[in-house]
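# Fold and contact review
The chain contents come next:
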Amino acid sequence: MMKRSAKLSDSLRQAAAAISRAESIVAMGHIGPDGDALGSMLAIARGAANAGKKACATFGEPFVVGKQFTFLDMALLVPPGEVPESVDVAVVVDTSVAGRLGSALPIVERAATVVVVDHHLSQDAQVGDIHVVDTSAGAAAQVTYRLFRELGWEIDKEMATALYVGIVTDTGRFQYSATSPEVHRITAELIEAGVEPAEVSRHVYEESPFAYLGVAGSVLSRCRLEADKRLVWSLLTREDLAAAELKYEDADGLIDLIRIAEESDVACLLRELGDDKYKGSLRSRGRVDVSKIAAQFGGGGHHNAAGFVSAGPLGEILDRIGAELT
Ligand code: 5GP
Ligand code: MN
């Protein structure tokens, strides 16, 4: 196994010590939690409860979980308003950016100790006393798994399934560059702990409403290739979703259809949020660091996958992205 830096194993030990001592724990992911944020926070809350602690998981409003993840054990998931006033340790997963915590940020601010478990660059970490951050990890769930090993916590089937969801989604089903031997070793152990991969895949990837196909068709027919910039982009409108009676969080995965255009280095999906605001998802084939483009809009992410929220108009957002690509 790859030797990890002394700093990283120090912080892992410090995090485990703080969590061991704590009587109450809240695990928290970023707003609009993806499979990794959700899986990591649910696994931590359940592990802490199994260890006899008062535990819950939460994230900032809107307090909505994507339908594809609702098969996970969410017994400990509560809206931010229901988190107890004082908690010993808050564990923030899959981000360390204060703004990404939304309405759950005050919970972190009043926690006695804040542990960050993440795989994003955190040069300017804005929350956290102890940072367990490994930017080479494919998922925060992978770092969470190491924390459980350090804590000596048993990983039951529900925890394993939650971590597996984090890993399978954030590695693009074991396709992206961070899909290391460790990812596969951890995954093997999670399957030994009871994960049923086919069942997870069915829930996460193969249970979209029929109307999703129409939405995907609209978004694909709207795709534009800017050959000189090697940029492929499209737009998901609010009307697309309304006409199909789908919600915003039902429309994940569209960027993965767009990004396959081989004439592109960068793929971008802009989703209308209303009030002339857009959520941008950026993907790179490796040549371009899209986290730098997202940062132009106050967003962030990784070299090959990043996101942001920006005011419109749409044309200006595209011009700013294009300017980074010429
Ligand atoms: P997605 O496009 O799937 O929403 O996000 C891709 C990556 O970018 C993920 O690692 C996610 O955490 C990050 N990301 C997405 N949106 C934002 C944002 O608004 N701010 C920051 N800092 N990171 C984001
Ligand atoms: Mn992640």
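Before reading further, recall that the structure is shown in the block above.
All values reported here derive from a predicted model rather than from experimental measurement.

In this section: the pairing of strand β8 (residues 266-274). For β8, a buried count of seven out of nine residues is recorded, marking the element as mostly surrounded by other parts of the structure. Alignment of strand β7 (residues 231-236) against β8, held across six bridges, turns out to be parallel. Across the sheet, L235 pairs through a bridge with L270, a residue of β8. Linking two consecutive strands that pair antiparallel, namely β8 and strand β9 (residues 277-284), is a turn of two residues; a positive phi of about 50° is found at D275 within it.

This part is about the coordination of the manganese ion (ligand 2). Bound to the manganese ion (ligand 2) on the protein side are D36 (OD), D94 (OD), H119 (NE2) and D170 (OD), at distances that span 2.1 to 2.4 Å. Here the donor residues for the manganese ion (ligand 2) map to a single chain with the spacing D-x57-D-x24-H-x50-D. Separated by 83 residues along the polypeptide, D36 in helix α2 (residues 35-50) and H119 in the loop between β4 (113-118) and β5 (130-133) bring together distant segments of the chain. Exposure remark for H119: the relative accessible area of 2% places this residue in the buried category.

A separate point is the sheet that holds strand β2 (residues 54-58). Consider a sheet: its strands pair through backbone hydrogen bonds, and that pairing is either parallel or antiparallel. Across the sheet, which stays open at both edges, the five strands sit in the order β2-β1-β3-β4-β5 with parallel pairing between neighbours. Each having just a single partner strand, β2 and β5 make up the two edges of the open sheet. Taken over all neighbouring pairs, the strand axes of this sheet differ in orientation by 15° on average, direction set aside. Packed onto the sheet, helix α1 (residues 6-21) meets β1 (24-28), β3 (89-93), β4 and β5 and runs at close to 125° relative to β5. The strands touched by α2 within the sheet are β1, β2 and β3, with β2 carrying the most contacts at an inclination of about 170°.

This next bit is on the state of the cysteines. On inspection of all chains with the given rule, the structure shows zero disulfides. As a non-bridged cysteine, C223 has C268 as the owner of its nearest cysteine sulfur, 10 Å distant.

Quick look at unusual backbone geometry now. Cis geometry is found at the peptide bond from E61 to P62, where omega equals 5°. Examined against the element boundaries, P62 turns out to sit in the loop between β2 and β3. Of note, the amide linkage connecting G312 to P313 takes the cis form, showing an omega dihedral of 0°. With respect to the element layout, P313 can be found in the loop between β11 (305-311) and α12 (314-323). Although it is not a glycine, R173 adopts a positive phi angle of roughly 55°. Tracing the sequence through the fold places R173 in the loop between α5 (157-170) and α6 (181-192). The class of R173 is partly exposed, set by a relative accessible area of 47%.

Once that is clear, we can look at the nonpolar core. Soluble globular proteins: nonpolar side chains tend toward being buried together. Residues V91, F148 and L190 are the most contacted members of the largest nonpolar core, which totals 54 residues. Sort the elements by how many residues they give to this core and α5 lands first, with eight residues. When sequence neighbours within four positions are dropped, the list of residues in contact with L190 reads Y145, I155, A160, L163, Y164, I167 and V195. Listed in part, the 20 residues of the second largest apolar core include V288, I293, A306 and L325.

Next up on the list: the sheet that holds β9. The sheet built from six strands is open, its strands ordered β6-β7-β8-β9-β11-β10 with mixed pairing. Pairing within the sheet leaves two strands with one partner each, and these edge strands are β6 (224-226) and β10 (300-301).

This part covers the site of ligand 1. Contacts to ligand 1 come from 13 residues, most closely from R100, H120, K279, S281 and R283. Residue S281 places a side-chain N or O atom 2.6 Å away from an oxygen atom belonging to ligand 1. At a separation of 3.4 Å, an oxygen atom of ligand 1 approaches a polar side-chain atom of H302. A total of 490 Å² of accessible area belongs to ligand 1 in isolation, and the protein chains cover 82% of it. Elements supplying a minimum of two residues to the shell around ligand 1: β9, β10 and β11. Top contributing element to the shell around ligand 1 by residue count: β11, with four residues. A breakdown of the residues in the shell around ligand 1 according to their chemical character gives three nonpolar, seven polar and three charged.

Reading the values: the criteria
Residues numbered from 1 in each chain as written. Chains lettered and ligands numbered in written order. Predicted model: local features only at pLDDT ≥ 70, side-chain atom pairs only at ≥ 80, totals over all residues. Heavy atoms only, no water. Buried < 20%, exposed > 50% of the residue type's maximum accessible area, 1.4 Å probe, protein only. Helix = DSSP H or I, 4+ residues; strand = E, 2+ residues; numbered from the N terminus. Pairing = 2+ DSSP bridges. Donors = N, O, S within 2.8 Å, 3.2 Å for Na, K, Ca; no water. Axes fitted to C-alpha atoms, helices over the stretch in contact; angles between N-to-C directions. Contact = heavy atoms within 4.5 Å. Disulfide = S-S within 2.5 Å. Core = buried A, V, L, I, M, F, W, Y, C linked by side-chain atoms within 4.5 Å. Near = heavy atom within 4 Å. Polar contact = N/O pair within 3.5 Å; in protein donor to acceptor, adjacent residues only side chain to side chain. Areas by Shrake-Rupley, 256 points an atom, 1.4 Å probe, with all protein chains shown as cover. Nonpolar A, V, L, I, M, F, W, Y, C, P; charged D, E, K, R; others polar.

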